[in-house]
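Now for the letters of each chain:
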Amino acid sequence: MALTKSGFAVVLCAALFAAFCAHADDSPEDINKRVGNGNPVDGNDKAALCKGCHGEVGISVSPNIPKLAGQYAEYIQRQIFNFQEGTRRDTNMTEISATLTNRRNLADISAYFASQNMMQGMPVKNDEGERIYLEKGCMNCHGEIGKGKPAYNALFPVIGGQYKEYLVKQMKDFKTGARDTDISGIMGLLANQMTDSEIEAVAEFLSGR
Ligand code: HEC
Ligand code: HEC
């Protein structure tokens with residue numbers, strides 16, 4: 001039986017994740033939009049290597065490894081290009097990305113992770129983090145709770161529900177310029193205005209969304 005992408009999302013939702021389908025970010029329509037042009041069914045097998053670190057359904061095995069569950073497929077692809085081009089570096093990902101030269105495979109793998117229920121954290125309260133998130137205008141691009149804004153704009157990654165440790169490292173990489181992937185330069189500017197403890201606070205706030 002050949003399933004279309006939209007068919008896949010509907011079946012997946014109905015069969016496996018009925019309980020989650022009420023979640024605002026995980027309606028079949030939401031999932032279809034963030035999946036992009038790849039085929040998540042094909043991506044399931046192709047993602048075997050990735051799952052070793054990023055987890056079977058995109059909930060990674062360690063807080064230093066980002067969750068990819070429900071991340072925008074186009075954003076995932078763009079980061080692989082960034083690792084290939086060297087605007088972003090990581091011992092593992094630089095090497096792995098260099099082998100991901102087949103666009104169809106990359107689109108399918110990205111679609112697979114994008115089709116999962118969107119990452120969510122354990123509730124944690126951090127008032128200072130929340131204040132910084134509002135004051136610095138993070139929500140203007142990343143949405144009120146870090147799930148993206150406007151919905152489906154793959155320019156802005158999902159950061160709500162991501163691991164704190166990973167978020168802290170990214171903010172520090174933006175600060176030092178080790179990660180130079182944001183063409184607008186805004187992430188570098190914002191990170192530079194923040195102290196390490198402010199970065200910790202906002203990362204903790206986000207991790208619980
Ligand atoms: C050995 C472990 C490992 C494997 C295998 C692995 N990754 Fe990663 N991945 C990482 C780590 C660690 C990071 C965080 C790098 C950093 O700190 O910037 C990462 C980051 C990423 C990011 C950036 C996410 C974001 O939110 O910006 C993407 C996308 C990604 N990996 C995709 C993949 C794909 C696709 C595969 C399979 C082809 C894969 N990874 C295999 C460890 C791994
Ligand atoms: C003007 C829009 C804009 C604003 C405001 C903004 N961001 Fe971003 N942010 C981006 C873009 C675009 C990217 C993706 C850059 C890339 O493609 O690598 C990003 C990436 C990130 C990442 C990396 C996510 C990942 O998965 O690796 C983190 C963390 C982040 N932003 C946190 C914040 C925080 C915290 C604030 C507020 C202090 C903020 N952002 C404000 C546009 C913005």
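The structure this text deals with has already been given above.
Conventions used here
Residues numbered from 1 in each chain as written. Chains lettered and ligands numbered in written order. Predicted model: local features only at pLDDT ≥ 70, side-chain atom pairs only at ≥ 80, totals over all residues. Heavy atoms only, no water. Donors = N, O, S within 2.8 Å, 3.2 Å for Na, K, Ca; no water. Tetrahedral: all angles 85-135°; square planar, octahedral: opposite > 155°, others 65-115°. Helix = DSSP H or I, 4+ residues; strand = E, 2+ residues; numbered from the N terminus. Buried < 20%, exposed > 50% of the residue type's maximum accessible area, 1.4 Å probe, protein only. Near = heavy atom within 4 Å. Polar contact = N/O pair within 3.5 Å; in protein donor to acceptor, adjacent residues only side chain to side chain. Nonpolar A, V, L, I, M, F, W, Y, C, P; charged D, E, K, R; others polar. Core = buried A, V, L, I, M, F, W, Y, C linked by side-chain atoms within 4.5 Å. Contact = heavy atoms within 4.5 Å. Domains from an automatic or database assignment.

Visitor: An account of the coordination of the iron atom of ligand 2 is needed here, citing residue identities and associated values.
Guide: Protein coordination at the iron atom of ligand 2 comes from His142 (NE2) and Met187 (SD), with a distance range of 2.0 to 2.2 Å. Around the iron atom of ligand 2, the six donor atoms sit at angles spanning 86 to 179 degrees, and that spread fits a shape best called octahedral. One end of the pair, His142, is in helix α9 (residues 138-142); the other, Met187, is in helix α11 (residues 186-192), and 45 residues separate them in sequence. Met187 shares its class with His142; the two are buried.

Visitor: Summarise the site of ligand 1; cite the residues concerned and give the values.
Guide: Around ligand 1, the surrounding shell holds 22 residues, and the nearest of these are Cys50, Cys53, His54, Tyr75 and Met93. In the environment of ligand 1, a nitrogen atom lies 2.8 Å from a nitrogen or oxygen atom belonging to the side chain of His54. In the environment of ligand 1, an oxygen atom lies 3.0 Å from a nitrogen or oxygen atom belonging to the side chain of Tyr166. Secondary-structure elements contributing two or more residues to the shell around ligand 1 are α4 (48-54), α5 (73-85), α6 (91-99) and α10 (164-176). A class-by-class count of the residues in the shell around ligand 1 yields 14 nonpolar, five polar and three charged.

Visitor: So what's going on with the nonpolar core? Which residues, and what values?
Guide: Counting 18 residues, the largest nonpolar core has Tyr133, Leu167, Met171, Met194 and Leu206 as the members making the most contacts within it. Mapped onto this core, the elements with two or more residues apiece are α8 (127-135), α10, α11 and α12 (196-207). It is α12 that provides the largest number of residues to this core, a total of six residues. With residues up to four places along the chain from it excluded, the contact list for Leu167 reads Ile159, Gln162, Ala203, Leu206 and Ser207.

Visitor: Describe the environment of Val57, naming the residues involved and giving the relevant values.
Guide: Here Val57 shows up in the loop between α4 and α5. Expressed as a C-alpha distance, the spacing of Val57 and Ala69, which sit 12 residues apart in the sequence, is 6.3 Å. Here Val57 is in contact with Ala69, Tyr112 and Gln116, once residues within four sequence places are set aside.

Visitor: Tell me what's going on with the site of ligand 2, and back it up with residues and numbers.
Guide: Near ligand 2 lie 25 residues; those nearest to it are Cys138, Cys141, His142, Thr181 and Met187. Contact between ligand 2 and Gln79: an oxygen atom at 3.0 Å from a side-chain N or O atom of the residue. Contact between ligand 2 and Tyr166: an oxygen atom at 2.6 Å from a side-chain N or O atom of the residue. Every element with two or more residues in the shell around ligand 2 is listed here: α5, α9, α10 and α11. It is α10 that provides the largest number of residues to the shell around ligand 2, a total of five residues. Residues that form the shell around ligand 2 fall into these classes: 16 nonpolar, five polar and four charged. Mapped onto the domain boundaries, the shell around ligand 2 takes at least three residues apiece from domain 1 (5-114) and domain 2 (127-207).

Honestly, that's just the spatial picture; any functional story needs more than this.
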